[in-house]
Amino acid sequence: MENYLNENFGGVKSKNSDGESLGKWRKLCGVVKNPKRRFRFTANLSKREEAAAMRRTNQHVKAAGFQIDAEELGSIVEGHDVKKLKFHGGVEGIAEKLSTSTAKGLSDGYESQRRREEIFGVNQFAEAELRSFWVYVFEALHDMTLMILGVCAFVSLIVGIATEGWPKGAHDGLGIVVSILLVVFVTATSDYRQSLQFKDLDKEKKKISVQITRNGYRQKMSIYSLLPGDMVHLAIGDQVPADGLFVSGFSVLIDESSLTGESEPVMVTSQNPFLLSGTKVQDGSCTMMVTTVGMRTQWGKLMATLSEGGDDETPLQVKLNGVATIIGKIGLFFAVITFVVLVKGLMGRKLEEGRFWWWSTEDCLEMLEFFAIAVTIVVVAVPEGLPLAVTLSLAFAMKKMMNDKALVRHLAACETMGSATTICSDKTGTLTTNRMTVVKTCICMKVNEVSNSKVSQLPDLALKLLLQSIFNNTGGEVVVNKMGKREILGTPTESAILEFGLSLGGDPQGEREKCKLIKVEPFNSEKKRMGVVVKVHDGGRLRAHSKGASEIVLASCDKVINSNGEIVSLDEEAMNYLSKTINQFANEALRTLCLAYMELENGFSPEDPIPSSGYTCIGVVGIKDPVRPGVKESVAVCRSAGIVVRMVTGDNINTAKAIARECGILTDDGIAIEGPEFRQKTQEELFELIPKLQVMARSSPLDKHTLVKQLRTTFGEVVAVTGDGTNDAPALHEADIGLAMGIAGTEVAKESADVIILDDNFSTIVTVAKWGRSVYINIQKFVQFQLTVNVVALLVNFSSACFTGSAPLTAVQLLWVNMIMDTLGALALATEPPNDDLMKRAPVGRKGDFISNIMWRNILGQSVYQVVVIWLLQTVGRWFFFLWGPNPDVVLNTLIFNTFVFCQVFNEINSREMEEVDVLKGMWENQVFVAVISCTVVFQIIIVEYLGTFANTTPLSFVQWLFCLGVGYMGMPIAAKLKEINVE
């Protein structure tokens, strides 16, 4: 006993016992009557281990050069814990503990960054693992009809081997098994390839960059490269890329609805400095210090609870699923009738032979074959390929559109864009290049070309105020990059003005050091102006600067700087001169901005709004933004395609009209209107106005939203809308297709859009429309092809069962036809690339029939031809081919099967064009189509010539092969004749 106690319990000391020894004796005493009571006053070992682990973590953190760990940082921001934040010394204290600088950002080398990643993690979210190929195989095996066929194959194998032995008795069953496996693997391969495509596109959707300061330099960086301690610069429309703390900024409103569901925005200030990943900047701008990244953020935790849902079904998928259901029910009806008729024929023969109650093995196998045929008719009749064709076509189009600089975020946008009747386009960056330069100015009441504008030509006071306005009242910034070169950051408009300021010899850093920013009101598309209040160090005066739409800012002025540099009253003559100058600039397609300032009383408080009147006009600048090459041609293509292009812009109406004429948008009978006037119109007036409306200038986001809503609801238009700003989100949501600009667009605009135009080019929008039409037409082609096969297969087997008591197409043969029709047919017809002829037809619009009269004409015409040919083969085939030798039925049924398949091969070629006679045009360029047709023909030859034992076929003679080819080919001239029949 003593030895046992010493060996197992002797390691426990009077104090400072290690956890292993304490754990050992508790484990040995694990089976006790009441463990809670036995160990009530003993140490909690799990808590002790947690504390030890925390101490080890803290040691590791300190060894890496940090004084705070990831959990503590996360709890501060996620819990909005102001007390903890103060305990750590506020934002500056946290920055010090993270070994970063709020001014210069991180200054880590590679090794330091690696340690930072090791301790705090990376800014990436856990993603659902890509499902393996075998999962898709498993799912494909769950098809109910294939499962029933599998049971039939199993019974056939058992009965066949029991009666005829191996291998002869296994032929029929193995034939069905091989056919099922072939269908399953082809379906699984198709689904797996699509999943890979969607995975690639999903990666593209998540490519988001932000402006950060690191190593003392402003730079653009992927959000996935962010680390705790990075200084991120956020502006209106940006998505907060990680959890962090507010460092500096003005008027920051954060939309937290994606996390909390609350629609009311949250004001972020130095008193409430908490910023959460996944939220969006609704107003203002700021610098944020990253504290928590990746799965440790609140957004990351939310993402972890959500599964990958994928896209909702598209309207076309839903519609075609409905078609498939209806046809499936019809097929089931015919299958039951066919089975009943075949069984009735068998029973009739048995009754005639006097063995009605006696069943042989052959009778059982024949009954099983009848059941298999009935099930296979259902397999063929249910057009599973219809929804598959939509997905295939959409996936193919999405992949190709990505190459054409269009990223599709929602599948339905592909098909909807094909029906678009109206495009409401922004001007800047979409129709124009978005490369802006100041080319004309009117400063001190003098108009100058910028190339001729010299510093010496401007009075000192005017130059001083102008440079102060340019470099303080701006949403942009002049920085020094890694190469030591000066770089301008900001919107193209801001960049153009900053570039102008630099050309005047301005020093951005010096101008900012002369003033202290007191209040900032960022540019607002409603007010169409922005403003700042600064405290001038020289004299301590408060001064407001205003910049924005020329006529709006000019209307707020009552004084102006004259040619002598003196501040004088803005009388009627001066006002008329400036208004005339603004219109002159606008008629030259220049964007005009007015700059003004005013002296404020010392009683101004940062909580007060910046005044909206009483300003002194410094001057007007005219900014050139050239029209993109090819836009005029693209607008003409839209017009020929029946798509109306309307321009919606915030610019001056004269600028808008000049650009619209240059683009070919504004015609002689078109109407251009300003947003304020548009808002005053009654519903009756809008009904008269909108059909002729081609340009809307000085528009607000609400105007754009109203226009889109009117076009959709009142006029039934299918509307595509472009947008790049946060305020465009309502219009993008309202439209049938929201198109966000990839370069100039904010993250909010991109989130609201269905398609992101990666190069911001109007020509790309036309390409998207072309692809949309291609998707729609391709699916129509496939539906036409598949319904023809459905009709013929049902009628052939049903009529043959009714009139001859047997079915010419076996289960294995019908499964092969099903694969030609479903997966291979979808692959061939749903992946046809678009051609220019697509943009010469009128759009389908909102009320167009999907299965058109033209399609019904082609379906019925081809079906009648094929059914007649096969019926003739059944009735006079033996006589025509002199089939009097052994197994004439097998040869005849092989001929019927082969003819039927080649009719589908040539009908597949016919289906490439529903109206055009020349169906071979461009066929050889479509490698997928050629490969599918070639594979179908090769496999058909193998099935007929070499797999007769499994497929119930027999080799055919050269003449018989020619006959099958000839009958199939005759479908082409018949299709050409059918296309001459006008059914519209």
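Residues numbered from 1 in each chain as written. Predicted model: local features only at pLDDT ≥ 70, side-chain atom pairs only at ≥ 80, totals over all residues. Heavy atoms only, no water.

An unreviewed UniProt entry annotates the chain as Calcium-transporting ATPase of Arachis hypogaea. The annotation that UniProt attaches to the chain under Sequence similarities (unreviewed entry) is "Belongs to the cation transport ATPase (P-type) (TC 3.A.3) family. Type IIB subfamily." If you open the UniProt record of the chain and go to Function (unreviewed entry), you find "Catalyzes the hydrolysis of ATP coupled with the transport of calcium." (UniProt positions renumbered as here; feature names shortened; annotations may be inferred.)

(A) Quick look at the overall build of the chain. Summing up its helical and strand segments, the chain has 36 helices and 26 strands in all. Within the chain, buried positions represent 52% of all 984 residues. For the chain, contacts bridging at least 24 residues in sequence account for 72% of all contacts bridging at least 6. Total accessible area on the chain stands at roughly 45,400 Å², and carbon and sulfur atoms take up 57% of it. (Helix = DSSP H or I, 4+ residues; strand = E, 2+ residues; numbered from the N terminus. Buried < 20%, exposed > 50% of the residue type's maximum accessible area, 1.4 Å probe, protein only. Contact = heavy atoms within 4.5 Å. Areas by Shrake-Rupley, 256 points an atom, 1.4 Å probe, with all protein chains shown as cover.)

(B) Representation of the UniProt feature "transmembrane region" (unreviewed entry) in the chain within the structure. Using the residue numbers shown here, the UniProt feature "transmembrane region" (unreviewed entry) corresponds to residues 140-162, 174-192, 326-347, 367-397, 864-884, 928-946 and 958-976. Here residues 928-946 is 100% helix and 0% strand, with 26 Å between the C-alpha atoms at its ends.

(C) Spotlight on helix α5 (residues 70-78). Buried within α5 we find Ala70, Leu73, Gly74, Ile76 and Val77. Axial view of α5: buried residues confined to an arc of 160°, hence all on one face. Against the buried residues of α5 lie α6 (82-87), α7 (90-97), α8 (110-120), β4 (243-255), β6 (274-275) and β7 (280-292). Its side-chain oxygen 3.2 Å from the backbone nitrogen of Glu71, Asp69 forms the N-cap of α5. (Arc of directions from axis to C-beta. Polar contact = N/O pair within 3.5 Å; in protein donor to acceptor, adjacent residues only side chain to side chain.)

(D) A look at a nonpolar patch on the surface. Side chains of Val864, Val868, Leu872, Val876, Trp879, Phe880, Phe882 and Trp884 sit close together on the surface and give an oily, nonpolar patch of about 920 Å² of accessible area. With respect to the helices and strands, the residue Val876 is situated in helix α32 (residues 853-881). (Patch = residues over 30% accessible without salt bridge, like charges linked within 9 Å, V, L, I, M, F, W, Y side chains within 5 Å. Salt bridge = Lys/Arg side-chain N within 4 Å of Asp/Glu carboxyl O.)

(E) Quick peek at the pattern of salt bridges. Per the counting criterion, the structure on display carries 27 salt bridges. Residue Asp230 is joined to Arg214 by a salt bridge in which the shortest nitrogen-to-oxygen separation is 2.5 Å. Taken together, the residues Asp230 in the loop between β2 (217-222) and β3 (231-234) and Arg214 in strand β1 (residues 209-214) connect sequence positions 16 residues apart. Accessibility expressed as a relative area gives 0% for Asp230, which makes it buried. Glu588 is the salt-bridge partner of Lys440, the closest N and O atoms lying 3.1 Å from each other. Within this pair, whereas Lys440 is found in strand β10 (residues 437-443), its partner Glu588 is found in the loop between α22 (572-587) and β19 (590-600), the two being separated by 148 residues in sequence. For Lys440, a relative accessible area of 12% translates into the label buried. Among the charged side chains, a salt-bridge network with shared partners connects Lys427, Arg591 and Asp651.

(F) Spotlight on the side chain of Thr722. Position of Thr722 among the secondary structure elements: in strand β24 (residues 719-723). Taking relative accessible area as the criterion, Thr722 reaches 0% and is therefore assigned buried. Beyond its immediate sequence surroundings of up to four residues, Thr722 is in contact with Cys424, Ser425, Asp426, Thr430, Lys704, Leu732, Leu739, Met741 and Ile765.

(G) Structural detail: the packing of α32 against helix α36 (residues 958-978). Put simply, α32 and α36 touch, their axes get as near as 11 Å, and they point 150° apart. By the angle between their axes, α32 is roughly antiparallel relative to α36. Relative to α36, the crossing made by α32 is right-handed. Contacts between α32 and α36 involve Arg857, Asn858, Gly861, Gln862, Tyr865, Val869, Leu873, Phe880 and Phe881 from the first element and Gln960, Phe963, Val967, Met970, Gly971, Ile974, Ala975 and Leu978 from the second. Taken together, the residues that form the contact of α32 with α36 break down as eleven nonpolar, five polar and one charged. (Axes fitted to C-alpha atoms, helices over the stretch in contact; angles between N-to-C directions. Parallel < 35°, antiparallel > 145°, perpendicular 65-115°, else oblique. Left-handed = near helix turned anticlockwise from the far one by under 90°. Nonpolar A, V, L, I, M, F, W, Y, C, P; charged D, E, K, R; others polar.)

(H) Main features of the sheet that holds strand β21 (residues 644-648). Pairing in this open sheet of eight strands is mixed, and the strands run β8-β26-β25-β24-β9-β21-β23-β22 from one edge to the other. The outermost strands of the open sheet, each flanked by one partner alone, are β8 (406-408) and β22 (671-674). If you compare each strand with its neighbour and ignore which way they point, the axes differ by 20° on average. Where β24 and strand β25 (residues 737-741) come together, four bridges link them in parallel fashion. Considered in β25, the bridge of Gly723 is made with Ala740. (Pairing = 2+ DSSP bridges.)

(I) Structural view of the packing of helix α33 (residues 888-910) against α36. Across the interface, α33 lies against α36 with an axial gap of 8 Å and an inter-helix angle of 35°. For the element pair α33 and α36, the recorded crossing hand is right-handed. Counted together, Val891, Leu895, Asn898, Thr899, Phe902, Cys903, Phe906, Ile909 and Asn910 of α33 and Gln960, Trp961, Phe963, Cys964, Leu965, Val967, Gly968, Tyr969, Gly971, Met972 and Ala975 of α36 form the full contact between these two elements. Grouping the amino acids of the contact of α33 with α36 by side-chain chemistry returns 14 nonpolar, six polar and no charged.

(J) Layout of helix α34 (residues 927-946). Here α34 spans 27 Å end to end across 20 residues, near enough to the 28 Å set by a 1.5 Å rise per residue. Taken residue by residue, α34 has Phe929, Val932, Ile933, Thr936, Gln940, Ile943 and Val944 as its buried positions. The arc that holds the buried residues of α34, viewed along the axis, is 95°, so those residues lie on one side. When the buried face of α34 is taken as reference, the exposed residues oriented beyond 90 degrees from it are Gln927 and Tyr946. (Expected span 1.5 Å × (residues − 1).)

(K) Representation of the packing of aromatic side chains in the model. Under the counting rule described, the total for this entry stands at 15 aromatic pairs. Both rings, one in Phe880 and one in Phe881, keep their centres 5.0 Å apart while their planes meet at 80°; by these two values the pair is edge-to-face. Its relative accessible area of 47% is what places Phe880 among the partly exposed residues. Note on Phe881: relative accessible area 13%, which makes it buried. What links up through ring pairs into an aromatic cluster is the set Phe133, Trp134, Tyr136, Phe185 and Tyr192. Over the aromatic face of Tyr136 sits the side chain of Arg131, whose NZ or CZ is 4.7 Å from the ring centroid. Looking at Arg912, its charged tip hangs above the ring of Phe929, at a distance of 5.5 Å from the centre. (Phe/Tyr/Trp six-rings, centres within 6.5 Å; stacked < 30°, edge-to-face > 60°. Lys NZ or Arg CZ within 6 Å of the ring centre and 35° of its normal.)

(L) The arrangement of a negative patch on the surface in detail. On the surface, Glu915, Glu916, Asp918 and Glu984 cluster together into a negatively charged patch. The residue Glu915 is located in the loop between α33 and α34 in this model. (Lys, Arg positive; Asp, Glu negative; His and termini not counted. Charge placed at Lys NZ, Arg CZ, Asp CG, Glu CD.)

(M) Highlighting the nonpolar core. Of all hydrophobic cores here, the largest spans 68 residues; its most connected members are Ile176, Phe897, Phe900 and Ile909. Top element by residues in this core is helix α31 (residues 811-829). It accounts for twelve residues. Those residues in contact with Phe897, other than ones at most four positions away along the chain, are Leu809, Gln813, Trp816, Val817, Gln940, Ile943, Val944 and Thr953. Of all hydrophobic cores here, the second largest spans 65 residues; its members include Ala397, Met401, Val645 and Ile665. (Core = buried A, V, L, I, M, F, W, Y, C linked by side-chain atoms within 4.5 Å.)

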